[in-house]
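# Geometric and topological summary
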Amino acid sequence: MSVDDMTTVPDTVTMPAPATPYQGDIARYWDGEARPVNLRLGDVDGLYHHHYGIGEVDHSALGGDGPDREKRLITELHRLESAQTDVLLDHLGTVQRDDLLVDAGCGRGGSMVMAHQRFGCDVEGVTLSVKQADFANRRAHELGIEKSVQARVCNMLSMPFTTGQATASWNNESSMYVDLHDLFAEHARILAVGGRYVTITGCWNPVYGQPSKWVSQINAHFECNIHSRREYMRSLIDNRLVPQAVVDLTEATLPYWELRATSSLTTGIEDAFINSYRDGSFQYLLIAADRV
Ligand SMILES: C[S@@+](CC[C@H](N)C(=O)[O-])C[C@H]1O[C@@H](n2cnc3c(N)ncnc32)[C@H](O)[C@@H]1O
């Protein structure tokens with residue numbers, strides 16, 4: 001039985017009104033999202049991601065062109081997506097079992113589950129989508145970790161955590177939906193001094209000049225607003241978040257996109273990612289910053 005067929009939903013999710021009409025659009029977008037590229041990959045091992053992959057493709061795992069190729073390809077794409085989360089978690093610093101981690105824009109919760117499995121601590125996530133929060137909570141329930149891993153429907157610009165409550169927090173491909181100054185001010189509020197913030201995100205490259213046509217296409221496709229690399233750096237520093245590591249993952253994500261473009265799960269946006277990464281107008285970055 002797939003996770004979508006299950007009917008017992010822990011009663012944890014309520015829906016506050018979106019703060020803006022745009023947030024209402026985004027909530028509807030993710031409530032309605034059920035692309036095979038997300039669900040079939042998640043079905044591989046029960047970790048449901050809404051982000052992209054990094055690392056070299058293991059061509060030996062793909063085998064030849066036989067009937068099983070598509071299944072093996074899906075497993076390989078999923079492995080690369082989980083590898084992306086592992087790199088994010090590698091940058092969270094020291095985390096103890098009694099710490100709190102916050103996943104801002106948590107999607108269906110794959111990163112939260114992986115964080116709990118690695119650190120053994122509580123992980124709270126927020127998303128605008130009731131369906132995603134339900135899904136994430138149901139998965140946590142099935143795994144028996146519902147006391148430690150919880151998703152809520154709320155705006156990440158106003159999170160339900162007290163000042164300094166979190167040891168670390170992150171945005172995994174979710175910062176392009178909000179104003180960065182507002183977002184980082186909120187992370188700086190909920191993080192303890194000395195806490196760690198990490199984002200993995202696509203950003204347009206100021207060296208290119210302005211957002212390229214590919215970046216504009218990606219914005220239209222996902223109804224988002226990709227920020228520039230310069231905007232990330234400036235907004236972090238302006239909000240007491242001092243970058244400690246900036247890792248350019250652009251080269252590392254290209255094999256994922258090139259492989260995905262050969263699958264039956266394409267969504268039509270693959271060429272925009274591949275072309276913009278290749279022409280230098282778009283970058284896939286990890287930024288880890290300390291709350292000072
Ligand atoms: C591309 S998905 C990424 C999901 C997840 N981080 C992952 O890696 O699988 C973007 C997520 O950002 C969330 N989001 C966008 N704007 C938000 C906001 N203002 N407050 C909370 N969540 C938001 C969406 O609901 C969605 O879950």
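Summarised in this report is the structure supplied together with it. From a predicted model like this one, the values you see are computed outputs, not experimental measurements.

### What to know about the overall build of the chain
Helix and strand counts for the chain come out as 11 helices and 7 strands. The C-alpha radius of gyration computed for the chain amounts to 18 Å, which stays within 12% of the reference 19 Å derived for 292 residues, consistent with globular compactness. Taking the principal axes of the C-alpha coordinates as reference, the chain spans close to 55 × 50 × 40 Å. Relative to its full complement of 292 residues, the chain shows a buried share of 42%. Of the contacts formed within the chain by residues at least 6 apart in sequence, a portion of 79% connects residues at least 24 apart.

### Looking at the pairing of strand 7 (residues 282–291)
Most of strand 7 is tucked away: 8 of the 10 residues are buried. Bridging between strand 5 (residues 191–204) and strand 7 involves 9 bridges; their strand directions are antiparallel. Directly across from arginine 196, in strand 7, lies its bridge partner aspartate 290. Summarising the sheet, strand 6 (residues 241–248) and strand 7 pair through 7 bridges and their orientation is antiparallel. Residue pairing in the sheet places aspartate 248 in a bridge with leucine 285 of strand 7.

### Description of the pairing of strand 3 (residues 149–153)
For strand 3, the tally of buried residues reaches 4 of 5 residues, placing the bulk of the element in the interior. Handedness of the crossover joining strand 2 (residues 122–127) and strand 3 through helix 6 (residues 130–143) is recorded here as right-handed.

### What about the nonpolar core?
In terms of nonpolar packing, the biggest core is built from 69 residues, with Met112, Ala136, Met159, Val198 and Leu286 touching the most fellow members. Alanine 136 has contacts with Cys106, Arg108, Gly109, Met112, Gly125 and Ala151, leaving out every residue within four places of it along the chain.

### Describing helix 7 (residues 180–190)
All of the buried residues in helix 7 are Leu180, Leu183, Phe184, Glu186, His187, Ala188 and Ile190. For helix 7, the elements touching its buried residues are strand 1 (100–104), strand 4 (166–172), strand 5, helix 9 (229–238), strand 6 and strand 7.

### Brief notes about the site of the ligand
Taken together, 24 residues lie around the ligand, and Gly105, Gly107, Asn172, Ser174 and Tyr177 are the ones closest in. When residues in the shell around the ligand are grouped by element, the largest group, 3 residues, is from helix 1 (residues 21–31). A breakdown of the residues in the shell around the ligand according to their chemical character gives 9 nonpolar, 14 polar and 1 charged.

### So, helix 5 (residues 110–119)
Those residues of helix 5 lying buried are Gly110, Ser111, Met112, Val113, Ala115 and Phe119. Immediately beyond the C-terminal end of helix 5, within one or two residues, lies glycine 120, with a positive phi of roughly 75°.

### Overview of the packing of helix 4 (residues 69–90) against helix 5
Remark: helix 4 packs on helix 5, axes separated minimally by 10 Å, with the N-to-C direction vectors making an angle of 55°. Between helix 4 and helix 5, the crossing angle belongs to the class labelled oblique. As for the relative orientation of helix 4 and helix 5, their crossing is right-handed in sense. For the pair helix 4 and helix 5, the contacting residues are Ser82, Thr85, Leu88 and Leu89 in the first and Gly110, Ser111, Met114, Ala115 and Arg118 in the second.

### Re the sheet that holds strand 7
Each strand in a sheet pairs with its neighbour through backbone hydrogen bonds, running either in the same direction (parallel) or in the opposite one (antiparallel). Ordered in space as 3-2-1-4-5-7-6, the 7 strands form an open sheet in which the pairing is mixed. Taken across any chain shown, the strands that pair with only one partner, and hence form the sheet edges, are strand 3 and strand 6. Looking at each pair of strands side by side, their axes are set apart by 20° on average, direction ignored.

### Focus on the packing of helix 8 (residues 213–222) against helix 11 (residues 270–278)
The contact between helix 8 and helix 11 brings their axes to 9 Å, and the two run at 145°. The interaxial crossing formed by helix 8 with helix 11 has left-handed handedness. Together, Trp214, Val215, Gln217 and Ile218 of helix 8 and Ala272, Phe273, Asn275 and Ser276 of helix 11 make up the contact between the two elements. When its residues are assigned to classes, the contact of helix 8 with helix 11 shows 5 nonpolar, 3 polar and no charged.

### With respect to the environment of serine 281
Checked against the element boundaries, serine 281 lands in the loop between helix 11 and strand 7. Under the C-beta neighbour-count criterion, serine 281 is labelled partly exposed, with 19 such atoms within 10 Å. Put simply, serine 281 and glycine 268 are 13 residues apart on the chain and 19 Å apart in space, counted from C-alpha to C-alpha. Not counting chain neighbours up to four residues away, the residues in contact with serine 281 comprise Trp204, Asn205, Tyr208, Ser212, Trp214, Val215 and Ser276.

### A short note on unusual backbone geometry
The backbone of glutamate 173 shows a phi angle near 55°, a positive value even though the residue is not glycine. By secondary structure assignment, the location of glutamate 173 is in the loop between strand 4 and helix 7. Notably, arginine 240 is not glycine yet its phi reads approximately 60°, a positive angle. Assignment of secondary structure puts arginine 240 in the loop between helix 9 and strand 6.

Reading the values: rules and limits
- Residues numbered from 1 in each chain as written.
- Predicted model: local features only at pLDDT ≥ 70, side-chain atom pairs only at ≥ 80, totals over all residues.
- Helix = DSSP H or I, 4+ residues; strand = E, 2+ residues; numbered from the N terminus.
- Rg over C-alpha atoms; globule rule 2.2 N^0.38 Å.
- Buried ≥ 20, exposed ≤ 12 C-beta atoms within 10 Å, placed from the backbone.
- Contact = placed C-beta atoms within 7 Å.
- Pairing = 2+ DSSP bridges.
- Right-handed = clockwise from strand over helix to strand, strands pointing away.
- Core = buried A, V, L, I, M, F, W, Y, C linked by C-beta atoms within 7 Å.
- Near = placed C-beta within 6 Å.
- Nonpolar A, V, L, I, M, F, W, Y, C, P; charged D, E, K, R; others polar.
- Axes fitted to C-alpha atoms, helices over the stretch in contact; angles between N-to-C directions.
- Parallel < 35°, antiparallel > 145°, perpendicular 65-115°, else oblique.
- Left-handed = near helix turned anticlockwise from the far one by under 90°.

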